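# Geometric and topological summary
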Amino acid sequence: MAPTMIETISSPPGLAEADFQLAMPLKDRRIVVAMSGGVDSSVVAALAARSGAEVIGVTLQLYDHGAKAKRVGACCAGQDIRDARAVADRLGFAHHVYDHESRFRDTVIDQFADEYLSGRTPIPCVRCNMGVKFTDLFRLAKDLGADCLATGHYVRRVMGPAGAELHRAVDPARDQSYFLFATTQDQLDFLRFPLGGLEKTVVREIARDLGLGVAGKPDSQDICFVPDGDYATLVKKLRPEADDQGEIVHVDGTVLGAHKGLIHYTVGQRRGIEIGGQAEPLYVVRLDAGAKQVIVGPRRALAVSGARLGEANWLGAVDGRDVMAKVRSMAKPVAARVEGERLIFAEAEYGVAPGQAAVLYDAADSSRVLGGGWIEETFAAEYLRPGID
């Protein structure tokens, strides 16, 4: 019998790391693959088919088929759904599309707008993973009788002494562990991340070897539902009051001028404040949604000693433990300690914004994700508190 296209796939260095961690024989297993229409999830589907398991591709339609669906680098919309289906057809497995547009709007887009309205800095990708993607896909995969749900995320699922653990990806430039801190233990037991041990270059090589049309497709953008990155226009459309003007106030209480709407500012921002004549450069220190004020000050005013976390999700014991904390997706992890709901930094940290996430890694094994929580409030460093500085 002639070999199938999947069986003739070449084996670039590192391909052996793509492990679905299922009991043998794999021909008796069913893998549901979350397919966004991009190269990563398409390669996951190809590797699943290559394993010999039965494969079912699932795509969630998350927003309308208008201008956003045609934009290069989007996901989970018109062209991307067609790309996912084309991959499934080429590899020879079933593919299903489920309309979750209304739930995505309610749980991700509307919350995104409300967070900006309240003076917080949201991360919609995490909310999407917490809800529509993992929760809904998890249920769909179970309903389809799957042995696991596989995704194209760049993280690793490692079996530890107490069960499945979440770890950083091998490729640091692609690591998505910050955005997956809210993955629960139940979800982690069922999820598989076969790309976590691969370099992105290897993933594209596999796609090219298979002749997949998505091999050269650009990576999806961070906020898939925001055309051209113009989030302010979207927020104003959904919440017109978000564009209300107000005062720009120095941390010493001096009114310096007027701002053009809280949605145009975020903690740590320096450019765009448009207040001149100051002895020191000004940064956005905090946003007071109730008073519609943008509070600004010198860089030292951004220093915080800790933060209170809400909606925490823990994949390991953290209370009273030394950890490495990542408070922004692009920030380097810093030494910290957990005391109840509080995260205490070993040294003052800057630009910590409510609405962002604090993701914690094991101080003894910096690749392991211990979980994290949403930053609800921050605590000024001691030397900046009234009466001290």
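Okay, so let's go over this structure. (Residues numbered from 1 in each chain as written. Predicted model: local features only at pLDDT ≥ 70, side-chain atom pairs only at ≥ 80, totals over all residues. Heavy atoms only, no water.)

### Details of the environment of Phe179
Checked against the element boundaries, Phe179 lands in the loop between strand E6 (163–168) and helix H6 (185–190). Note: C-alpha distance between Phe179 and Cys125 (54 residues apart in sequence) is 6.8 Å. With sequence-adjacent residues up to four places away left out, Phe179 is seen in contact with Ile123, Cys125, Val126, Asn129 and Ser329. (Helix = DSSP H or I, 4+ residues; strand = E, 2+ residues; numbered from the N terminus. Contact = heavy atoms within 4.5 Å.)

### Topic: unusual backbone geometry
The omega angle of the peptide bond from Met24 to Pro25 is -5 degrees, so this bond is cis rather than trans. Among the secondary structure elements, Pro25 is positioned in the segment before strand E1 (30–34). Its identity as a non-glycine residue notwithstanding, Gln21 has a phi of 50 degrees, on the positive side. Along the polypeptide, Gln21 turns up in the segment before E1.

### Points about the side chain of Thr151
In this fold, Thr151 is placed in the loop between strand E4 (148–150) and strand E5 (155–160). Of note is the side chain of Thr151, whose polar atom sits 2.7 Å from the side chain of His153. Among all residues touching Thr151, those that are not within four sequence positions of it are Ala34, Val44, Phe134, Leu191, Arg192, Phe193 and Pro194. (Polar contact = N/O pair within 3.5 Å; in protein donor to acceptor, adjacent residues only side chain to side chain.)

### Describing the packing of aromatic side chains
Counted under the stated rule, the structure contains 7 aromatic pairs. Considering the side-chain rings of Phe104 and Phe225, the 5.7 Å spacing of their centres and the 80 degrees angle between planes classify their relative orientation as edge-to-face. Of this pair, Phe104 sits in helix H4 (residues 101–117) while Phe225 sits in the loop between helix H7 (200–209) and helix H8 (231–238), and the two are 121 residues apart along the sequence. Accessibility assignment for this pair places Phe104 and Phe225 in one class, buried. Ring geometry for Phe181 and Trp374: centres 5.7 Å apart, planes at 70 degrees, overall edge-to-face. (Phe/Tyr/Trp six-rings, centres within 6.5 Å; stacked < 30°, edge-to-face > 60°. Buried < 20%, exposed > 50% of the residue type's maximum accessible area, 1.4 Å probe, protein only.)

### Comments concerning the pattern of salt bridges
Evaluation of the coordinates by the stated rule reveals 21 salt bridges. Linking Glu54 and Arg30 is a salt bridge whose minimum nitrogen-to-oxygen distance equals 2.9 Å. In this pair, Glu54 sits in strand E2 (residues 54–61) while Arg30 sits in strand E1, placing the two residues 24 residues apart along the sequence. With a closest N to O distance of 2.9 Å, Arg300 and Glu280 form a salt bridge. Taken as a pair, Arg300 in the loop between strand E11 (293–297) and strand E12 (304–314) and Glu280 in the loop between strand E9 (255–259) and strand E10 (283–288) lie far apart in primary sequence, 20 residues in all. Residue Arg300 is classed as partly exposed on the basis of its relative accessible area, which comes to 39%. Among the residues examined, Glu280 registers a relative accessible area of 37% and is labelled partly exposed. Three or more residues joined by partner-sharing salt bridges are found here, namely Asp40, Arg174, Lys200, Arg204 and Asp219. (Salt bridge = Lys/Arg side-chain N within 4 Å of Asp/Glu carboxyl O.)

### A short note on the packing of H4 against H8
Packing of H4 against H8 brings their axes to within 9 Å, and their N-to-C directions diverge by 95 degrees. When the interaxial angle is binned, H4 and H8 end up roughly perpendicular. Facing Ile109, Asp110, Phe112, Ala113 and Tyr116 of H4, the residues of H8 in contact are Tyr231, Leu234, Val235 and Leu238. In the contact of H4 with H8, the residues fall into 8 nonpolar, no polar and 1 charged. (Axes fitted to C-alpha atoms, helices over the stretch in contact; angles between N-to-C directions. Parallel < 35°, antiparallel > 145°, perpendicular 65-115°, else oblique. Nonpolar A, V, L, I, M, F, W, Y, C, P; charged D, E, K, R; others polar.)

### Topic: the sheet that holds E2
Two pairing modes exist for strands in a sheet, parallel and antiparallel, and in both the strands are linked by backbone hydrogen bonds. The strand order across the open sheet built from 5 strands is E3-E2-E1-E4-E7, with neighbouring strands paired in parallel fashion. Unpaired on one side and paired on the other, strand E3 (94–99) and strand E7 (191–192) mark the two borders of the sheet. Sitting on the sheet, helix H1 (residues 39–50) is in contact with E1, E2 and E4, with an inclination near 170 degrees to E1. (Pairing = 2+ DSSP bridges.)

### Describing the packing of H1 against H7
Running from amino to carboxyl end, H1 crosses H7 at an angle of 65 degrees, the nearest separation of the two axes being 9 Å. In this structure, the crossing between H1 and H7 has a hand that is left-handed. Between H1, through Val39, Asp40, Val43 and Leu47, and H7, the contact on the second element is made entirely by Lys200, Val203, Arg204, Ile206 and Ala207. Here the contact of H1 with H7 is composed, by residue class, of 6 nonpolar, no polar and 3 charged. (Left-handed = near helix turned anticlockwise from the far one by under 90°.)

### A closer look at empty space enclosed by the protein
For the structure on display, the rule yields 2 cavities of 30 Å³ or more. For the largest cavity, the full set of lining residues is Val108, Gln111, Phe112, Glu115, Pro122, Ile123, Pro124, Arg127, Gly355 and Trp374. Every element with two or more residues in the lining of the largest cavity is listed here: H4 and helix H5 (124–143). In terms of residue count, H4 provides more of the lining of the largest cavity than any other element does, 4 residues in total. Looking at the lining of the largest cavity, its residues break down into 6 nonpolar, 2 polar and 2 charged. What the second largest cavity holds in volume is close to 30 Å³. Along its surface, the second largest cavity is lined by Val126, Asn129, Met130, Phe134, Phe179, Leu180, Ala182, Thr183 and Gln187. Of the residues contributing to the lining of the second largest cavity, the split by class is 6 nonpolar, 3 polar and no charged. (1 Å grid on protein atoms, 1.4 Å probe; cavity = no way out; pocket = protein on both sides within 12 Å on 5 of 7 lines; lining within 4 Å. Points joined across faces, edges and corners; volume = space filled by probe spheres on them.)

### Looking at the side chain of His100
Within the secondary structure, His100 is located in the loop between E3 and H4. Polar contacts involving the side chain of His100 include one to the side chain of Asp136, which spans 3.0 Å. Setting aside anything within four residues of it in sequence, one finds His100 in contact with Leu60, Gln61, Leu62, Val132, Asp136 and Leu140.

### A word on the sheet that holds E9
The strand order E9-E8-E11-E10 describes an open sheet built from 4 strands, whose pairing is mixed. Two strands close off the open sheet at either side, each with one partner strand: E9 and E10. On average, adjacent strands in this sheet sit at an angle of 30 degrees to one another, irrespective of strand direction. Sheet topology note: the strand E8 (residues 246–250)/E9 ladder contains 4 bridges and is antiparallel. When the sheet's bridge partners are listed, Glu247 is paired in E9 with Ala258.

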